[in-house]
Every structure is written in structure tokens, then in C-alpha cells.
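# Working through the structure, step by step
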Amino acid sequence: MEKTPLAMRTHISIFGNTNAGKSTLFNMLIGQDMAIVSEKAGTTTDPVTKAMELIPYGPIALTDTAGLGDSSDIGGKRMAKTEKILEQTDFAIYAAAADDFDENSYNNMKKQFEKKHIEHLLVFTKSDLTDGGLRQRYPAAVFVSVNNSDSIESLRTALMERLSKITPQDTTMIGKLLEKGSNVVMVVPIDSEAPKGRLILPQVQFLRDCLDHGMKTIVVRDTELRETLNEQKKIDLVVTDSQAFGYVAEILPESIPLTSFSMMMASMKGDLVKLINGADAVSRLRDGSRILMAEACTHNSSHEDIGRVKIPKLLQKFTGKRLEFDYYVHQDFPDNLSEYDLVIHCGGCMINARSMNNRIEFCEENGVPVTNYGVILALVNGILQRSAEIFRKNK
């Protein structure tokens, strides 16, 4: 579980007013002094995230956020980062000081949780100072103190009880699509964008998923696919890197299902049907249409970069239009989409399902179609219907 990627962990975030004891609570839960603790308000400026195991629940990512109601000069920027964390939160802890409880702030944050469909647990810190009748008013809350080690164990127990009631996200790409014993071929092109000495995360996760579900998997380069097809009597699915779609589709018989790692990842993280439908907007693009390219990770780009070079070139050639592209990376995502005609998202291997679905929902609310890299590459190569067929059959 120590190697579980952050994007595959349950994201738990701690919110609350400045000086409510959030960082102390964070340190107590992880068992380390990772977050700076101070009596001075506004000590936490940037969110701090720690991957950990909440035994016996499993792998989680715990985040300490900047205090709400920060009136300092950079308070607005801190609050913006805290709101970004809300977008990826699966479960929230609201920390409130028992000796200085701001009920209005808590009620306002509760509305935010409800709007985002996020379950939360109210935790009163500094409970050894006073509780002011809070135990009677909030019987479901947990009360903790740095001077009472048993109280943090009570918090862990309550946290696990609440988490066990949350429906876990479906973390399989292939488990519901093929039966145990199926034969899968992974086509992995090796070019300048391929990391030296290793596979990229979607490929690694897909391979592990096949192993977990008892599927026999062959990994080949695109240059070895033809030979592999001649050698193998039975192939149930071929999955390729999106940018090799055209070449693979040309030599792969129509009888063998074909899709991409990007589409596999999208089907696990978000609503693939909505992403496929979003590609319809490509036919409506005009000269000067503006497209937002959203990348969930930061990386160095090259002349073969799929999001910054290849897709823009292919899309302009496919449409015959002069298009404009803006790029947002990692947690950055514009609050205003009114100037965009289309959003094209990466596969999302570095963000969790909550983040991806929130982004899809945000695009819908703003009336802007959204799709992803794999869907667009399938579209421009004329094989979108074929590459989506395996998902439609198992819907």
C-alpha cells in the first residue's frame, strides 16, 4: 500500500478557521511533526498532503489546508488554494476550537460540503480547555486534545467508521470489461516522450489491473504488433497509447477490440460517455475557436508532447480551422470557462476520480463540452466508434 499512487487513495482534507488546531490534528493523525504548528494565525500557507495508511481502512491522502477566514494580505490566495483542495476531497474533517467555536463559519462550510456531496466529520480541538456545552449540541462530533492520547484514537475509530459507509470508487479499468483468463495485448510505443527505463503510470496501472483480474498480458512495442498478431491464436483486446491509434488500427483486424490507455483511465476516473459526447463539439469549431487543454500533472514538454504539440496539430489538420489553445496544469483550472468552445482533458492518471468528475460537472454547468486526449486522438484517426465499443457493450 505504500506504493499506492495519490490518485488512487481516498483523499481526506482538514478544514477550519485559522488557529483551530488543524495542523496539530494533522500531525497527530500521521504521527509526525510534518505541518508547522504555531500560536500565530495563518501559519499554514500552502496545503500539505501526506500519503499514509489508515489501518485497517487502507491507503489515504491526508491534507492540511490554510485556515478559513484569513484576513491577511495573501489570505485570498490561500483561500483559493483551499477551495481547490475541496474539489479533490472524498471526505472532510472540519476542525473547530472548543474554546472558540465559530458556528457561522462551520455552517457556511457545511453548505459547501453539501454542495459538493462531501461527507464530513466535525472535530473539536482543545477540548481540555472547555466544551461550552458543545457535547450536548453536537453529539456526533469527536473531541480531541493534545493532552489526551486516547482522544486521537477515538478520532481514528470514528474516521474509519464514517469512511466504511462511503461507497468506494471503482478502481478497475479492465475488471468489468473482460473475463478472467482473457488475453490482452498492450502496445507501448517507445519515443522521446516515453520515460527512460520505465512505463508511464496509466500503463503500469493497467498492467497491474490485468494481473489482479487473472488476465494474460503481452506487452509489445508498436513495431512488434504485427508479429505478435501472427503468433497469438486468441486476442480479446488490444490497448495502445493514444498517439499510436492510427498505426495500430491499420494492421489490427476489425474482429479484435481496440482502445487506449487514456480511454481506460477515463472510464475509471470519470464519465467516459460524457467525454465521448463532448467530442461532437469538434465539428462545430470555427476559425479562432478557443480550446482549453487541461493536464493533471506537470512535466517537461518536447517536440513530441501529446497535449502541447501533437493534438493541436492533428486537430487543426482534422478541422481545417485555425484554433487557439490555452494550457492549465496540475490543480490549476479556470473559474470562468465562458471564452472556451471546448475543454480537452488528459487521461487524469495523476488526479483522483472526485477531481475528474468535478471538472466534468463544472464544464457541464458552464455549457462547455469536455472530452479527453484519448477520445480526440481516436476521433481524428477515424476510429472513435471502434475504440469506444468495448465500453458500450459493458455499460
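Every chain begins its residue count from 1, and numbering advances along the sequence as written. This being a predicted model, a pLDDT of at least 70 is required before a residue's local features are given, and a value of 80 or more before pairs of side-chain atoms are given or counted; all residues contribute to the totals for chains, interfaces and linings. Calculation of side-chain values draws on the structure's entire complement of heavy atoms; hydrogens and water are dropped beforehand.

Once that is clear, we can look at the pattern of salt bridges. Any Lys or Arg side-chain nitrogen located within 4 Å of an Asp or Glu carboxyl oxygen qualifies as a salt bridge. One pass over the full model with this rule turns up 15 salt bridges. Measuring nitrogen to oxygen at the nearest pair gives 2.6 Å for the salt bridge that ties arginine 221 to glutamate 224. Residues participating in the shared-partner salt-bridge network are Arg290, Asp326 and Glu339.

Spatial ordering of the open sheet is given by 2-3-1-4-5-6, a layout of six strands whose pairing is mixed. Each edge of the open sheet is held by one strand with a lone partner, namely strand 2 (48-54) and strand 6 (142-143). Two strands pair when backbone bridges link them, and strand 2 and strand 3 (residues 58-64) are joined in this way by seven bridges, in the antiparallel orientation. Across the sheet, the residue bridging to leucine 54 is glycine 58, located in strand 3. Here, two residues are considered to be in contact whenever any of their heavy atoms come within 4.5 Å of each other. Working convention: axes come from line fits to C-alpha atoms, limited for helices to the stretch in contact. Angles between N-to-C directions cover 0 to 180 degrees. Starting at the N terminus, helices and strands are each numbered in turn, a helix being any DSSP run of H or I of at least four residues and a strand any DSSP run of E of at least two. In the packing of helix 1 (residues 22-30) onto the sheet, contacts are made with strand 1 (10-15), strand 2, strand 3, strand 4 (91-97) and strand 5 (119-125), and the angle to strand 3 comes to roughly 160°. Set on the sheet, helix 3 (residues 103-115) makes contact with strand 1, strand 4 and strand 5; between it and strand 4 the angle comes to about 175°. By definition, two strands form a pair when at least two bridges between them are found by DSSP.

Here we come to the pairing of strand 3. Each regular strand shows side chains that alternate between the opposite faces of the sheet. Counted residue by residue, strand 3 has seven buried out of seven residues, so it is predominantly covered. Sheet topology note: the strand 1/strand 3 ladder contains five bridges and is parallel. The residue bridging serine 13 from the neighbouring strand is threonine 63, located in strand 3. Classification of residues uses two cut-offs on accessible area relative to the type maximum, computed with a 1.4 Å probe and protein chains only: under 20% is buried, over 50% is exposed, and between them is partly exposed.

Below, the discussion takes up the confidence of the model for the protein chain. Residue-level confidence of the predictor is what pLDDT reports, using numbers from 0 through 100. Mean pLDDT over the protein chain works out to 86, with 88% of the residues at or above the 70 mark. For the protein chain, the element scoring lowest by mean pLDDT is helix 2 (residues 75-87), at 73; strand 7 (residues 183-187) scores highest, at 97. Across residues 34-38, where pLDDT falls below 50, the model places 17 contacts with residues more than four positions away in sequence or in other chains.

With that out of the way, let us pick up the environment of valine 329. As for its placement among the helices and strands, valine 329 is situated in strand 12 (residues 324-329). Distance in space between the C-alpha atoms of valine 329 and cysteine 346 is 9.9 Å, their sequence separation being 17 residues.

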